[in-house]
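Report on the structure
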Amino acid sequence: MRLLLVEDAAHLADATARGLRAHGHAVDVARTLADGRTKVAIESYDAVLLDLGLPDGDGTELLKAIRARTDAIAVIVLTARDAVSDRVEGLDLGADDYLVKPFALEELLARLRAVQRRAAEWRPDPLVVDTLELDPARRLAWRNGTALDLTTTEFALLEFLARSAGEVCSRARISAKVWDEHYDPASNVIDVYIARLRRKVDLPGAVPLLHTVRGAGYVLDAAGPR
Ligand code: CA
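Residues numbered from 1 in each chain as written. Predicted model: local features only at pLDDT ≥ 70, side-chain atom pairs only at ≥ 80, totals over all residues. Heavy atoms only, no water.

Here we come to unusual backbone geometry. The omega angle of the peptide bond from Lys101 to Pro102 is -5 degrees, so this bond is cis rather than trans. Along the chain, Pro102 turns up in the loop between strand 7 (97–100) and helix 5 (105–121). The residue Asn144 is not glycine, and still its phi comes out positive at about 50 degrees. Assignment of secondary structure puts Asn144 in the loop between strand 10 (140–143) and strand 11 (146–147). (Helix = DSSP H or I, 4+ residues; strand = E, 2+ residues; numbered from the N terminus.)

So, in structure tokens, the structure goes:
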């Protein structure tokens, strides 16, 4: 699984990441709430392992941000807090599971397997716009039945536009959903990604789907430009 471990204690973060990697997981580590937020915004994680006591804030803030997203990232809270009220709060905020420190790596691995089983049962419907099809669960996309080779960010942008198909999406809306807090509104990064997507999605001979609405943003629509 693609994992983000948010843990400020260096020795624990290193040992846990090493153990998870040894069991085939791809693990990024964030040592602060801010770094966790950034990584969640730019990467596509299957699960976040979240410490609550972080130097710059409470991990529950990140949990809330994750649950405000349209995708389904599993969250396992890892914390020294074992009071019943803390556990209930975490679960009420949408944590999938709870592990009290110190925990055994084997137990964390077992919880991850349980999360993965639940994710396999929950599969969002493919998104279909004309002859473009996206499978968000597997992060795969096809145009006219041909698989598209998309980067993580390209897929996230295309998924956002497909979920908003027919609606004009401003750069501000796109950046808020697909880019992180360090997105520079003065940059042309969205335009660059749109151009890349257009080359991959709107193949020669296919009905163009990705349209620029001058002064407003972009729209993914089989009906053509406005
Ligand atoms: Ca901590």
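Applying the stated rule across the entire model yields 15 salt bridges. Asp35 is paired through a salt bridge with Lys39; the nearest N and O atoms lie 3.0 Å apart. Placement of both Asp35 and Lys39 in helix 2 (residues 33–42) is noted, with a separation of four residues, approximately one turn of the helix. The class of Asp35 is partly exposed, set by a relative accessible area of 26%. Put simply, Arg143 and Asp202 hold a salt bridge, and the shortest N to O gap is 3.2 Å. Of this pair, Arg143 sits in strand 10 while Asp202 is found in the loop between helix 8 (189–201) and strand 12 (210–213), placing the two residues 59 residues apart along the sequence. Given a relative accessible area of 15%, Asp202 falls into the buried group. Within the structure, one salt-bridge network assembled from shared partners comprises Arg2, Asp28 and Glu43. (Salt bridge = Lys/Arg side-chain N within 4 Å of Asp/Glu carboxyl O. Buried < 20%, exposed > 50% of the residue type's maximum accessible area, 1.4 Å probe, protein only.)

With that settled, consider the domain arrangement of the chain. Each assigned domain of the chain is listed with its residue range as follows: domain 1 (2–119) and domain 2 (127–220). The centre of domain 1, based on its C-alpha atoms, is set 29 Å off from the matching centre of domain 2. (Domains from an automatic or database assignment.)

Glancing now at the nonpolar core. Leu157, Leu158, Ile174 and Leu220 are the most contacted members of the largest nonpolar core, which has 27 residues in total. Only strand 8 (127–129), strand 9 (132–135), helix 6 (152–163), helix 7 (171–178), helix 8 and strand 13 (217–220) provide two or more residues apiece to this core. In terms of residue count, helix 6 provides more of this core than any other element does, six residues in total. Once residues within four sequence positions are removed from consideration, Leu157 is found in contact with Ile174, Val178, Trp179, Tyr193, Ile194 and Leu197. (Core = buried A, V, L, I, M, F, W, Y, C linked by side-chain atoms within 4.5 Å. Contact = heavy atoms within 4.5 Å.)

Spatially, the four strands line up as an open sheet ordered 8-9-10-11, and their pairing is antiparallel. Each edge of the open sheet carries a strand with a single partner, namely strand 8 and strand 11. When strand 10 meets strand 11, the two strands line up antiparallel, connected through two bridges. The partner of Trp142 across the bridge, within strand 11, is Ala147. Here helix 6 sits on the sheet and contacts strand 8, strand 9 and strand 10; the angle it forms with strand 9, its principal contact strand, is near 110 degrees. (Pairing = 2+ DSSP bridges. Axes fitted to C-alpha atoms, helices over the stretch in contact; angles between N-to-C directions.)

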